[in-house]
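Geometric and topological summary
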Amino acid sequence: MSRLLSSALSLRRDPRILKLPPYLSLLCIAIGVVWLLLLPLDNYSRHTYISENALLPGQVHTYFGGSEQNVFRAYRQELDALADKDNYEINDKLETIFKGVGIKVGRQNYTYHSAGEAYTGENVYGILQAPRGDATEAIVLVAAWRSTEEQLNRNGVALALTLARYFKRWSLWSKDIILVVPPDSRTGTQAWVDAYHDAHDPDNVASLPLKSGALQGAIAIDYPSEQRFEGVHIIYDGTNGQLPNLDLINSIVNIAGGQMGIQTAIQDMKHHTSRYLDRLRTMLRGMLSQGLGISAGPHSSFIPYHVDSVTLQPYGEGWHDEMAMGRVVEGTFRSLNNLLEHLHQSFFFYLLMQRDRFVSIGTYLPSAMLLSANFTIMAIFLWVKSGQPAAQANRPALVKPNRGTSKDRKESEAPHLPTQAVERDLFLPLGVVAGCHAASILPLFVFNNLPASMLSPAFTIFSLASAALPSVISHLLTTFSAPTTQHFQLTKSFSLLILGMSLATLATLNFSIAFLVGLLASPLTFVQPTRSVVARYSLAGLLSAVAPPVVVYTAAQFWNVPVVEMLREASFGWNVWGMYTAVVVWCIWWPAWLVGMVNVLGVVSE
């Protein structure tokens, strides 16, 4: 035992150990990327299944159809007459229809401000009280007047009204059914859900005059086209990358495909071949949508309140009509009506490869954690290295004297580290890191509060300032402080430690953005001050290629949208949806990049 402890102590003092962390960090990055690429394989993903037995999807006969199609066409004609009317005239007509069916009606005004623009509207909604319920639970049916593509949601609203009239005639409901018709798919639902949970700003969003019980689920219909459709696209991404319970998606897939014979698709993969590349493409699209954190449809506003919801969007040209879509919604509502408690048994954290194949958080999380661990490993390594004398940092692992006794020779040949650590000067490194993080408040405030007309010039000015700032900081450090190697080691150590801890924490909430930022920031692990001018500016060029402003601009060019539109969408997400993507980009990633550039351009004093 004593020999084992002695060997362990000798290994701990071996200076060769300090050569391992950079290679270990590189290994973490490589394994993390390969791990993600393996997920679409059959051995790492699995088939979906229903965890909540009470749902019983597809086990009941749906009766929606027949004469209801005439009612649907009549409603659609009435709505066509409202196409050019304003929001309040439309709601007056919808209120009349609701009351004619025998549904209690409420209306709600709201106003949001973002990027110098005001978003004003009025929601109208009706509550169908359950004959066999006590108003403690409710299911929501949403049909926005404008679809996610800003088209008139003619069939969606008409179908929702027809379903409300149809549901009113049935006595089997144990949960209230709430029909919400917001003026658009972006702001109206958010105002309604916030007010329903009393989380709204009374100065901008009015309270709801009518309420029911706890919301158990929500289905949004996005159906602007009039042609017969091929399948149903299930949009499930929520704000800030939150996802609905997987049982809800599985139930809709089961009802549409197994009972109705309707194809289903996710992430715009409408012709999935079940091969590796299609699975990988579907997974990466889901990760990108989750990483951006934007609202994907009217359903996204419900998910932050733990209300499982999706948007159903017919696609393609086929033989299925509006009645088939109505039967899918009816079957889903019948399943949700069976619930004895809130959906909780299935997964809330998952990546879908296709409509019936997924990986859970326990399988995919290590890939992001490995990327985060690479920063932490290097941070600890630099902290240890900063406490060593410069002369000892480069001494050989084994020193073999030419003379002395056998015992002295054995002791001198043993690997060892100095027993005395160098005192660390923390003031300058802490000041640099704290200053860079404090400066990150500026882009966060500017891009979320400026009017849209000033976003483009503000981004240009910030990008130029961001590119010049590392040189300015390095020059000031050299002029006033004469930083040493230890200062740069500690500066990088503190920055990587903050980055690693932040991404590791974020990975449990939004895996995708943690993985993407970790991958783009991985060059920061290996940069350091160098005396070679060529190497210095080569490293600076590498880091500049993955600078946050450059990545934002490149993404805008890739998606063929102006940068100002991306910034306006981010500002809208911050001010309306509570999206925190901007915090990750400007307050976590950008300061770490800035510190990395300062380390690259820094000049070590003798």
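The name that an unreviewed UniProt entry assigns to the protein chain is GPI transamidase component GAA1, with the source organism given as Tolypocladium paradoxum.

1. Section: the UniProt feature "transmembrane region" (unreviewed entry) in the protein chain
UniProt records the feature "transmembrane region" (unreviewed entry) for residues 20–41, 361–384, 426–447, 459–482, 494–527, 539–559 and 579–604 in the present numbering. The span residues 361–384 carries 100% helix and 0% strand; its end-to-end C-alpha distance comes to 33 Å.

2. What to know about the packing of helix α16 (residues 485–507) against helix α21 (residues 581–601)
It is the contact of α16 with α21, at a shortest axis distance of 10 Å, that shows an interaxial angle of 155°. By the angle between their axes, α16 is roughly antiparallel relative to α21. The crossing of α16 and α21 is left-handed. Residue-level inspection shows F488, T491, K492, S495, L499, S502 and L506 of α16 in contact with α21, the latter providing V584, I588, A592, V595, V598 and N599.

3. Brief notes about the sheet that holds strand β11 (residues 357–360)
Spatially, β1-β11-β10 is the arrangement adopted by the three strands of the open sheet, whose pairing is antiparallel. If you trace the sheet from one side to the other, it starts and ends with β1 (46–47) and β10 (350–354), each paired once. Direction of pairing for β10 relative to β11: antiparallel, over a ladder of four bridges. Looking at β11, one finds that Q354 is bridged to R357.

4. Some points on the environment of E226
Secondary-structure assignment places E226 in the loop between β6 (214–221) and β7 (229–235). Excluding residues that lie within four positions of it along the chain, E226 makes contacts with R76, R154, N155 and E322.

Definitions and cut-offs
- Residues numbered from 1 in each chain as written.
- Predicted model: local features only at pLDDT ≥ 70, side-chain atom pairs only at ≥ 80, totals over all residues.
- Heavy atoms only, no water.
- UniProt positions renumbered as here; feature names shortened; annotations may be inferred.
- Helix = DSSP H or I, 4+ residues; strand = E, 2+ residues; numbered from the N terminus.
- Axes fitted to C-alpha atoms, helices over the stretch in contact; angles between N-to-C directions.
- Parallel < 35°, antiparallel > 145°, perpendicular 65-115°, else oblique.
- Left-handed = near helix turned anticlockwise from the far one by under 90°.
- Contact = heavy atoms within 4.5 Å.
- Pairing = 2+ DSSP bridges.

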